[in-house]
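Chain by chain, the residues:
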Amino acid sequence: MYKIALLKGDGIGPEIVSEAKKVLETIANVQGIKFEFTDALIGGCAYEKYKKPLPDETVKIAHDSDAVLLGAVGDWKYDTLPPELRPERALLGIRKELNLYANLRPVVIFDELISSSALKPEVIKGVDVVIVRELTGDVYFGTPKGIEVRVDEDGNGVRYGYNNMIYSEKEIERIAHVAFRTASSRNKKLCSVDKANVLDVSRLWREIMIDVSKSYSDVELTHMYVDNAAMQLIANPRQFDTIVTGNIFGDILSDEASMISGSLGLLPSASMSDEGSVALYEPIHGSAPDLKGLNVANPIATILSAAMMMKYSFKNEQAYEIIFNAVKSTLKDGYRTKDIFKDGDKLVTTTQMGDVICQKILEAR
Ligand code: IPM
Ligand code: MG
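Caption draft 1: Layout of the layout of surface pockets. Counted as a void, the largest pocket has a volume near 920 Å³. In this structure, the largest pocket is lined by 38 residues; those nearest its centre are Leu104, Thr182, Met272, Lys311 and Tyr312. Those elements that provide at least two residues to the lining of the largest pocket are strand 4 (102-108), strand 5 (128-134), helix 6 (169-184), strand 11 (268-272), helix 10 (300-312) and helix 11 (317-332). Classifying every residue of the lining of the largest pocket by side-chain character gives 22 nonpolar, six polar and 10 charged. Taken as a whole, the second largest pocket spans an internal volume of roughly 480 Å³. Breaking the lining of the second largest pocket down by element, the ones donating at least two residues are helix 4 (87-97), helix 9 (247-261) and strand 12 (279-283). Per element, the largest residue contribution to the lining of the second largest pocket is four residues, and it comes from helix 4. Here the lining of the second largest pocket is composed, by residue class, of 10 nonpolar, four polar and 10 charged.

Caption draft 2: The site of ligand 1, seen in detail. In the region of ligand 1, the neighbouring residues are Leu91, Arg95, Arg105, Arg133, Tyr140 and Asp251. Arg95 has a polar side-chain atom sitting 2.7 Å from an oxygen atom of ligand 1. Between ligand 1 and Asp251 there is a distance of 2.9 Å, counted from an oxygen atom to a side-chain nitrogen or oxygen. About the coverage of ligand 1: the protein hides 77% of its 320 Å² of free accessible area. When atom positions are compared with the pocket grids, ligand 1 is found to occupy the second largest pocket. Taken together, the residues of the shell around ligand 1 break down into two nonpolar, no polar and four charged.

Caption draft 3: Expanded view of unusual backbone geometry. In this structure, the amide linkage connecting Thr143 to the following residue, Pro144, adopts the cis form with an omega of 0°. One can find Pro144 in the loop between strand 5 and strand 6 (146-151). Non-glycine residue Lys51 carries a positive phi angle of around 60°. If you check the backbone angles, Lys188 has positive phi at about 65° while not being a glycine. Inspection of the secondary structure puts Lys188 in the loop between helix 6 and strand 8 (189-194).

Caption draft 4: Expanded view of the nonpolar core. Residues Ile260, Tyr281, Met310 and Ile357 are the most contacted members of the largest nonpolar core, which totals 88 residues. Setting aside residues up to four positions removed in sequence, Ile357 forms contacts with Val23, Ile300, Ile303, Ala326, Val327 and Thr330. Within the second largest apolar cluster, 18 residues are counted, among which are Leu7, Leu54, Ile61 and Val68.

Caption draft 5: View of the environment of Val149. Within the secondary structure, Val149 is located in strand 6. Owing to a relative accessible area of 55%, Val149 belongs among the exposed residues under this scheme. Spatially, the C-alpha atom of Val149 lies 21 Å from that of Leu81, the residues being 68 residues apart in sequence. Not counting residues up to four positions away in its chain, the partners in contact with Val149 are Gly157, Val158 and Arg159.

Caption draft 6: Quick peek at empty space enclosed by the protein. Using the criterion set out here, one finds one cavity of 30 Å³ or more in the structure. Roughly 80 Å³ of volume is contained in the largest cavity. Lining the largest cavity are Asp138, Met165, Tyr167, Val193, Asp194, Val201, Ser202, Trp205, Thr245, Gly246 and Phe249. Elements with a minimum of two residues in the lining of the largest cavity: strand 8 and helix 7 (200-213). The greatest single-element share of the lining of the largest cavity, amounting to three residues, is contributed by helix 7. Here the lining of the largest cavity is built from residues that sort into six nonpolar, three polar and two charged.

Caption draft 7: Representation of the side chain of Asp10 in the model. If you trace the backbone, Asp10 turns up in the loop between strand 1 (2-9) and helix 1 (13-31). No salt bridge forms around the buried Asp10; measuring N to O, its nearest opposite-charge neighbour Lys292 is 6.8 Å away. At 2.9 Å, the side chain of Asp10 and the backbone nitrogen of Cys45 are in polar contact. Excluding anything up to four places from it in sequence, Asp10 contacts Ile42, Gly43, Gly44, Cys45, Ala72, Val73, Gly74, Pro87 and Ser287.

Caption draft 8: Molecular detail of the environment of Glu153. Tracing the chain through its elements places Glu153 in the loop between strand 6 and strand 7 (157-162). You can call Glu153 exposed: its relative accessible area is 78%.

Conventions we followed
- Residues numbered from 1 in each chain as written.
- Chains lettered and ligands numbered in written order.
- Predicted model: local features only at pLDDT ≥ 70, side-chain atom pairs only at ≥ 80, totals over all residues.
- Heavy atoms only, no water.
- 1 Å grid on protein atoms, 1.4 Å probe; cavity = no way out; pocket = protein on both sides within 12 Å on 5 of 7 lines; lining within 4 Å.
- Points joined across faces, edges and corners; volume = space filled by probe spheres on them.
- Helix = DSSP H or I, 4+ residues; strand = E, 2+ residues; numbered from the N terminus.
- Nonpolar A, V, L, I, M, F, W, Y, C, P; charged D, E, K, R; others polar.
- Near = heavy atom within 4 Å.
- Polar contact = N/O pair within 3.5 Å; in protein donor to acceptor, adjacent residues only side chain to side chain.
- Areas by Shrake-Rupley, 256 points an atom, 1.4 Å probe, with all protein chains shown as cover.
- Sits in = over half its atoms within 2 Å of the grid points.
- Core = buried A, V, L, I, M, F, W, Y, C linked by side-chain atoms within 4.5 Å.
- Buried < 20%, exposed > 50% of the residue type's maximum accessible area, 1.4 Å probe, protein only.
- Contact = heavy atoms within 4.5 Å.
- Lys, Arg positive; Asp, Glu negative; His and termini not counted.
- Salt bridge = Lys/Arg side-chain N within 4 Å of Asp/Glu carboxyl O.

Written out as structure tokens, the structure is:
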């Protein structure tokens, strides 16, 4: 039996996590395994109840589980709260608490959705990229940081805002190992993305990547500056296999890469620590407060995140394949939520999409 913590969060979070839970229950039935689900609050909904976006209780439930499935956090109504009380802070907090330094963001292209992409079919056909994003360092967590008044040369007070882009060699080394292992299990090409022509932190990053590459003779390591990588991802995404990069570059590049697939609503992610520790799975998209409660959100990114949980946390490759193929077959039959709907498709709600995917899982038996 596996214990799964469900951190549904805000906005569309509860709706999409409910569909992923349905899929997990269906898989459990089909495979004769058992999951025990525990709900915990995170983000704005936790703030409402505890005046804290990440309550201790939630951290404890996450620690005590075998894996965590998270929906999304955030709502405009919390935009005026001080930074430490905002929902996004809970996301950063749980990543730090669970030491989830490695974030895997696969960019999967479903042939069935090639026409949903803003890019030309011939550019995106066959794209299969994984972005390995460092998740617990960089400007996100670096100190010193803040907003303060400093006196300028005329003696006037001027406000400065600053963050620190900082990585230790240990932090770079451990994400490098995850990236090389990932590349080694794929097409054995690793592209490290940095800004080493300008930033010292990137020079260290590059040096460590080269050091670590010596232990992985089967993987070919290349380097690319982040501005060029942003351009290359659109111009010729097929050139990439595995990409490794820091927290902020990875945040930006993964949203960009999601557009190759046609919708932000499709891409899952896994956030992991050292082997054997609890991992967290979440869609890469946000809480979309404008869609909340309308039953229109696309649950596929969360369902595929649950599939990644099967593969990485529970070493159940078969369950991963079953879920992935069920999604593929659902799309092939023309079922589409609003975000990917085109004339001639079958428009479905969030819950209907979950139902069809569960049905496909049962049919595959
Ligand atoms: C993501 C999100 C988060 C991040 C925000 C919501 C804090 O954009 O998971 O990519 O920047 O990491
Ligand atoms: Mg992001």
